[in-house]
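Listed below are the residues making up each chain.
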Amino acid sequence: KMIASPKRLEIESKVKTTELESASTVEIRRVDQTAQDTVDETLYLIGRPKLKRFLRFVRSHALNPPGDGSLTDEWQAANSVIRTLEKEEAGLADNPPIGKLGPEYEPLLIEFLKDPLVQNGFNTVPTEVAMVELDRLVVYQHHIDLTFVRQLKSKLGPAPSDEQIFRTCLPYDHPQPPVKWSRVHRNSFVFMSPSNDLRFLGTMKMDSDNIQNYPSPGNLVGVVGLAVGFGSNFMNAIYAEKRLILNNGSHRAYALREMGVTHVPCIVQHVSSRDQLDVVAASQVEDNADYFLKHPRPSMLIDYFNPRLRKVMPGHRQMREGTMKFE
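Predicted model, so just to flag it, every value in this text is computed and none were measured. Each chain carries its own residue numbering, running from 1 in the written order of its sequence. Where totals are concerned, whole chains, interfaces and linings use all residues; where local detail is concerned, this predicted model gives features only for residues with pLDDT of at least 70, and gives and counts side-chain atom pairs only at 80 or more. Side-chain calculation: all heavy atoms of the structure are included, whereas hydrogens and water are not.

(A) Layout of the overall build of the protein. On a plain count of helices and strands, the protein comes out with 10 helices and 16 strands. Relative accessibility thresholds used throughout: buried, under 20% of the residue-type maximum; exposed, over 50%; partly exposed, between the two (1.4 Å probe, protein chains only). Residue burial in the protein is summarised as follows: out of 327 residues, 43% are buried. Each accessible area value is a Shrake-Rupley result obtained with a 1.4 Å probe; residue values ignore everything except the protein chains displayed when judging cover. Of the accessible surface of the protein, which amounts to about 18200 Å², a share of 51% is contributed by carbon and sulfur atoms. The numbering of helices and of strands both runs from the N terminus, where a helix is a DSSP run of H or I of at least 4 residues and a strand a run of E of at least 2.

See below:
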């Protein structure tokens, strides 16, 4: 049927929209785990994202959300602080240092560069593994899961070694968060995980030789796969227009900085044009590039630690649910 009557395939996500060559829909959303009565603690940057977005986040995530009036006052106070920072710290994000890794990292780096996820996932623009200063990173993620941060810190211990920090930022074993998925209809599948990283990974063209231990419904020629899973999970920053934007690894960056670590190894992708930025950056950066690259004082990692620019609140633990449908 698909060969006789081909149709355009649209993958729709709340994060990004990708057009392919058949017909499919992916929806990613958050669902509460209120039945388990589990509570997480979340940090949210205030004053800079739109007030409406902040109010919506608190209503949908907080365990006992305050009234809109008090939340508006908090946001407005933070916004006044930001206006002061725009004058006093203008240009703070410009020209951050990008350092070379010392010889003590060479064995770890050699092992890391053999990873297929590195070789296949970071070959679009010039890329290096370098040491970056956490406080100089521009960030786009508005909220941090502090419960997850505490888990990361507990795993690292009070005094992590350079090797532990390297493997935390650039993991080689790719631990997979828990995930469950099942078929709910002839053309529908549901995936659920507590990880925010659950996502649509794109299409996969597979030959019959790629399919192992699965009974073929016929004389198999090929398989078109719609892949759902997790990203590479490497700490990654984009260097564009003399600024470093943290592209992945916000929770690890926060945890390490809270432990007193100031510089970490990171994959740095060097972008020379806005067209290249559109290819490698997150949709939040792509859609508002002037703010992250031209604003005198954009949101930065140090803002997560400024009590005047953040709100910490308990909330229901949520699961990330992805529904895949195809036609």
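(B) Structural context of the sheet that holds strand β5 (residues 98-99). In short, DSSP must find at least two bridges between two strands for them to pair. Strand order across the open sheet formed by 5 strands is β5-β6-β14-β12-β13, with mixed pairing between neighbours. Only two strands of the sheet have a single partner each, and these edge strands are β5 and β13 (243-248). By the bridge criterion, 2 bridges tie β5 to strand β6 (residues 127-133) in an arrangement that is antiparallel. From the neighbouring strand, Ile98 faces β6, where its bridge partner is Val132.

(C) Summary view of the pattern of salt bridges. By salt bridge we mean one thing: a side-chain nitrogen of Lys or Arg within 4 Å of a carboxyl oxygen of Asp or Glu. In this structure the tally under the stated criterion is 16 salt bridges. In this structure, the salt-bridge partner of Arg83 is Glu86, at a minimum N-O distance of 2.7 Å. In this pair, Arg83 and Glu86 both sit in helix α2 (residues 68-88), 3 residues apart, roughly one turn of the helix. Using a relative accessible area of 43% as the deciding quantity, one classes Arg83 as partly exposed. Look at Glu86 and you get buried, because its relative accessible area is 18%. Among the ionic pairs, Arg274 bridges to Asp290, the shortest N-O distance being 3.0 Å.

(D) Layout of helix α7 (residues 250-258). Most of α7 is tucked away: 7 of the 9 residues are buried. Taken together, the buried positions of α7 are occupied by Ser250, His251, Arg252, Ala253, Tyr254, Ala255 and Leu256. With its phi angle positive at about 100°, Gly260 sits one or two positions after the end of α7.

(E) Region of the structure containing unusual backbone geometry. Even without being glycine, Asn95 reaches a positive phi, approximately 50°. With respect to the helices, strands and loops of the structure, Asn95 is situated in the loop between α2 and β5. For Asn95, a relative accessible area of 48% puts it in the partly exposed group. Notably, Lys242 is not glycine yet its phi reads approximately 70°, a positive angle. Along the chain, Lys242 falls in the loop between β12 (236-240) and β13. By relative accessible area, which is 51% here, Lys242 ends up exposed.

(F) Region of interest: the environment of Met206. In this structure, Met206 sits in strand β10 (residues 199-207). Taking the C-alpha atoms as reference points, Met206 and Gly222, separated by 16 residues in sequence, lie 5.7 Å from one another. Excluding its chain neighbours within four sequence positions, the residues that come into contact with Met206 are Ile211, Gly222, Val223 and Gly225. Any two residues whose heavy atoms approach within 4.5 Å are treated as being in contact.

(G) Region of interest: a positive patch on the surface. Together, Lys50, Lys52, Arg53 and Arg56 line one region of the surface with positive charge. Along the polypeptide, Lys50 turns up in the loop between β4 (39-45) and α1 (51-61). Note on Lys50: relative accessible area 68%, which makes it exposed. Residues enter patches when they are more than 30% accessible in relative terms and free of salt bridges; like-charged ones are connected within 9 Å and nonpolar ones (Val, Leu, Ile, Met, Phe, Trp, Tyr) within 5 Å. A residue counts as positive if it is Lys or Arg and as negative if it is Asp or Glu; His and the chain ends are not included. Lys charges are placed at NZ, Arg charges at CZ, Asp charges at CG and Glu charges at CD.

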